[in-house]
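Per-entry structural report
Chain by chain, the residues:
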Amino acid sequence: GAVVSQHPSRVICKSGTSVKIECRSLDFQATTMFWYRQFPKQSLMLMATSNEGSKATYEQGVEKDKFLINHASLTLSTLTVTSAHPEDSSFYICSVRNLDTQYFGPGTRLTVL
Amino acid sequence: KQEVTQIPAALSVPEGENLVLNCSFTDSAIYNLQWFRQDPGKGLTSLLLIQSSQREQTSGRLNASLDKSSGRSTLYIAASQPGDSATYLCAADAGKSTFGDGTTLTVKP
């Protein structure tokens, strides 16, 4: 398996500020990580696929300049929500791929006031 | 593009009943199918993972089956309890996981 952590677990920020969320693979070197977003009472939607050492691949409709993803090492990927607005308030979950299985982090709840 | 559908969207049963949650997916070229539980305001708890070469997996009162050719999976919960109340999500992994919208289960005492 794989153990995935996220930090912070919860963040509240003012509109216009930027927020960075970290995703760590604790026991496995992950060349591929994924970022999902879940709005209230909705399912998880894939935002982007993060590849170590290269640019992330964003899903259709996701603004790459707003959601900056950096996968600088095999154990860490970061998602930065730039100039956050209330509509960015959501639950953000990362996952890592180990062989043919994805393992999910505990999620980060972002509230933008 | 993979599409995952879960039926029903919501289900309310009295305690003790056996129940079945359904998940269908359009692209059968999957690595695995995973069932999760999500409590309100919380993250995902993985319940069962069925690899593409497997037909079913069991854990306690839970049994999940997979029919890749027909694009279907079911989650069977035996002798339901109020503590089983949650949203159940299935995810089909064909390189990246695609989630269904979930089934919200309420088990009444």
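Up top you'll find the structure we're talking about.
Residues numbered from 1 in each chain as written. Chains lettered and ligands numbered in written order. Predicted model: local features only at pLDDT ≥ 70, side-chain atom pairs only at ≥ 80, totals over all residues. Heavy atoms only, no water.

**Focus on the overall build of chain B**
Using the following cut-off: Numbered from the N terminus, helices here are DSSP runs of H or I no shorter than four residues, and strands are runs of E no shorter than two. Radius of gyration: over C-alpha atoms. The globule rule applied is 2.2 Å multiplied by the number of residues raised to the 0.38 power. In what follows, residue pairs with any heavy atoms lying within 4.5 Å of each other are defined as contacts.
Within chain B, the secondary structure is distributed over zero helices and 11 strands. Listing the helices and strands of chain B from first to last along the sequence gives β-β-β-β-β-β-β-β-β-β-β. Taking 109 residues into account, the globule formula puts the C-alpha radius of gyration at 13 Å, and chain B, at 13 Å, falls close to it. Counting only C-alpha atoms, chain B reaches 40 × 25 × 20 Å along its principal axes. Here the contacts in chain B between residues at least 6 apart in sequence split such that 53% fall between residues at least 24 apart.

**Some details on the sheet that holds strand 7 (residues 62-67) of chain B**
All names here are of chain B. This is how it is decided: Paired strands, as defined in this entry, are two strands with at least two bridges between them according to DSSP. A fitted line through C-alpha atoms serves as each axis, taken over the contacting stretch for helices, and the angle formed by two N-to-C directions is quoted from 0 to 180°.
Pairing is antiparallel across the open sheet formed by five strands, whose spatial order is 1-3-8-7-6. Of all the strands in the sheet, just strand 1 (4-7) and strand 6 (56-59) have a single pairing partner and so form its edges. Pairs of neighbouring strands in the sheet enclose a mean axial angle of 15°, with direction left out of account. For strand 3 (residues 19-25) and strand 8 (residues 72-77), the ladder comprises six bridges, and the chain directions are antiparallel. Following the sheet pairing, Ser24 is matched in strand 8 by Arg72.

**Thoughts on the interface of chain B and chain A**
Quick note on the threshold: Put simply, buried area is the surface a 1.4 Å probe can reach on two separate parts but cannot reach once they are joined, added for both. In what follows, salt bridge is the name for a side-chain nitrogen of Lys or Arg lying within 4 Å of a carboxyl oxygen of Asp or Glu. For the purposes of these results, a polar contact is taken to be a pair of N or O atoms within 3.5 Å, where, inside protein, one atom must be able to donate a hydrogen and its partner to accept one; residues adjacent in sequence count only when each atom of the pair is a side-chain atom. Under the scheme applied, nonpolar residues are Ala, Val, Leu, Ile, Met, Phe, Trp, Tyr, Cys and Pro; charged residues are Asp, Glu, Lys and Arg; polar residues are all the others, including Gly.
Each side of the interface is counted separately: chain B has 19 residues, and chain A has 16 residues. Between chain B and chain A, roughly 1300 Å² of surface is buried when both sides are summed, and carbon and sulfur atoms account for 48% of that area. A salt bridge links Glu59 of chain A to Lys96 of chain B, with the shortest nitrogen-to-oxygen separation between them at 2.9 Å. Counting across the chain B and chain A interface gives nine residue pairs in polar contact (both at pLDDT 80 or more). Going through the elements one at a time, strand 4 (32-38), strand 5 (44-51), strand 9 (86-93) and strand 10 (97-99) of chain B are the ones with two or more residues in the side of chain B that touches chain A. Looking at the side of chain B that touches chain A, the element that brings in the most residues is strand 4 of chain B, giving four residues. Residue composition of the side of chain B that touches chain A, by class: six nonpolar, nine polar and four charged.

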